[in-house]
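This is what each chain is made of:
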Amino acid sequence: MAYQTFRQEYLQVPPVTRAYTTACVLTTAAVQLELITPFQLYFNPELIFKHFQVWRLVTSYLFFGPVGFNFLFNMIFLYRYCRMLEEGSFRGRTADFVFMFLFGGLLMTLFGLFVNLVFLGQAFTIMLVYVWSRRNPFVRMNFFGLLIFQAPFLPWVLMGFSLLLGNSIIVDLLGIAVGHIYFFLEDVFPNQPGGGRLLKTPSILKAIFDTPEEDPNYNPLPEERPGGFAWGEGQRLGG
């Protein structure tokens, strides 16, 4: 019975979010079981381009460190904001969502050539948080009952929290930078005088991922409703 319930809940998770979070969890489990080591996964341009270990272009986004507070914190944020994007502004546009993944991953990989980062998954999570926060500017957030602020400040609050934990803010800045580039090109520049859409999802992605039908009984997510939603340990705030 419990297995059937879990399976049903798991299959209700939208496909991109389900695939990415599952890959992250399985990669971490494989490291914990010592089936593989982080040295086989991390981002290393020399090993990628000179020794053709191209899998590192993907695995560097799948490992968030050993199971512990940082891993759980990152996975919660990854799952939450990836799913809210996929079920929110990207609903019915799976191909566009996949294209955002590819575009963001490509930019981070290019930036990764110039900064000393061996794993890029946390920066990718911050990118997702940034895009969601800019597309939901009027949602009020409650950070574990300590701070109340508008959604666009969320990536910066997370960066401050990361700094308090003694982590490098380069990861957060990279995620914010890539998220802002995507948001500007997709949401801001097309609406400027003389602007236009520079990011166009390839037809092959649309043919593979997009479904033509829209569910008429769709119930909007909390962040799409007036008044915001409960977040962290806080309460939903009235509109």
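Note that the coordinates shown come from a computational prediction; the quantities given were computed from them, not determined experimentally. (Residues numbered from 1 in each chain as written. Predicted model: local features only at pLDDT ≥ 70, side-chain atom pairs only at ≥ 80, totals over all residues. Heavy atoms only, no water.)

**Topic: the packing of aromatic side chains**
- According to the stated counting rule, one finds 14 aromatic pairs in the structure shown.
- Taken together, a centroid distance of 5.6 Å and an interplanar angle of 75 degrees make the contact between Tyr 20 and Phe 124 edge-to-face. Taken together, the positions of Tyr 20 in helix H2 (residues 15-32) and Phe 124 in helix H7 (residues 121-135) put the pair 104 residues apart, joining distant regions of the chain.
- Using a relative accessible area of 3% as the deciding quantity, one classes Phe 124 as buried.
- Centre to centre, the rings of Tyr 81 and Trp 132 are 5.1 Å apart; their planes meet at 65 degrees, and the pair counts as edge-to-face. Separated by 51 residues along the polypeptide, Tyr 81 in helix H5 (residues 69-87) and Trp 132 in helix H7 bring together distant segments of the chain. (Phe/Tyr/Trp six-rings, centres within 6.5 Å; stacked < 30°, edge-to-face > 60°. Helix = DSSP H or I, 4+ residues; strand = E, 2+ residues; numbered from the N terminus. Buried < 20%, exposed > 50% of the residue type's maximum accessible area, 1.4 Å probe, protein only.)

**Some thoughts on the UniProt feature "transmembrane region" (unreviewed entry) in the protein**
- The positions that UniProt labels "transmembrane region" (unreviewed entry) are, in the present scheme, residues 54-79, 99-132, 139-158 and 164-185.
- Regarding residues 54-79, the helix share stands at 58% and the strand share at 0%, and the terminal C-alpha atoms are separated by 26 Å.
- Between the first and last C-alpha atoms of residues 99-132 the distance is 16 Å; the span itself is 76% helix and 0% strand. (UniProt positions renumbered as here; feature names shortened; annotations may be inferred.)

**Points about the pattern of salt bridges**
- Taken as a whole and assessed by the stated rule, the structure comprises 6 salt bridges.
- A salt bridge links Asp 96 to Arg 93, with the nearest nitrogen and oxygen atoms 2.8 Å apart.
- Overall, Asp 96 belongs to the buried group, its relative accessible area being 9%.
- Given the relative accessible area of 25%, Arg 93 is considered partly exposed.
- For Lys 206, the salt bridge is made with Asp 96, and the minimal N-O distance between the two is 3.5 Å. Remark: Asp 96 occurs in helix H6 (residues 94-112) and Lys 206 occurs in helix H10 (residues 203-209); sequence separation between them is 110 residues.
- Each of the salt bridges in this network shares a partner with another, and the network as a whole consists of Arg 93, Asp 96, Glu 186, Arg 197 and Lys 206. (Salt bridge = Lys/Arg side-chain N within 4 Å of Asp/Glu carboxyl O.)

**Things to note about the layout of surface pockets**
- For the largest pocket, the calculated volume is near 480 Å³.
- Lining the largest pocket are 17 residues, with Val 58, Val 98, Phe 101, Leu 102 and Phe 124 positioned closest to its centre.
- Contributing elements (two or more residues each) for the lining of the largest pocket: H2, helix H4 (56-59) and H6.
- At 7 residues, H6 tops the list of elements feeding residues into the lining of the largest pocket.
- Within the lining of the largest pocket, the residues separate by chemical class into 14 nonpolar, 3 polar and no charged. (1 Å grid on protein atoms, 1.4 Å probe; cavity = no way out; pocket = protein on both sides within 12 Å on 5 of 7 lines; lining within 4 Å. Points joined across faces, edges and corners; volume = space filled by probe spheres on them. Nonpolar A, V, L, I, M, F, W, Y, C, P; charged D, E, K, R; others polar.)

**A short note on empty space enclosed by the protein**
- Going through the model one piece at a time under the given rule, you end up with 2 cavities of 30 Å³ or more.
- One number sums up the size of the largest cavity: a volume of about 140 Å³.
- What lines the largest cavity is a set of 14 residues, among which Phe 73, Asn 74, Gln 122, Ser 162 and Asp 172 lie closest to the centre.
- The biggest single contributor to the lining of the largest cavity is H5, with 5 residues.
- Taken together, the residues of the lining of the largest cavity break down into 7 nonpolar, 6 polar and 1 charged.
- There is about 40 Å³ of room inside the second largest cavity.
- Lining the second largest cavity we find Arg 93, Asp 96, Phe 99, Tyr 182, Glu 186, Arg 197, Leu 199 and Thr 201.
- Counting only elements with at least two residues in the lining of the second largest cavity, the list comes to H6 and helix H9 (170-188).
- The class makeup of the residues in the lining of the second largest cavity is 3 nonpolar, 1 polar and 4 charged.

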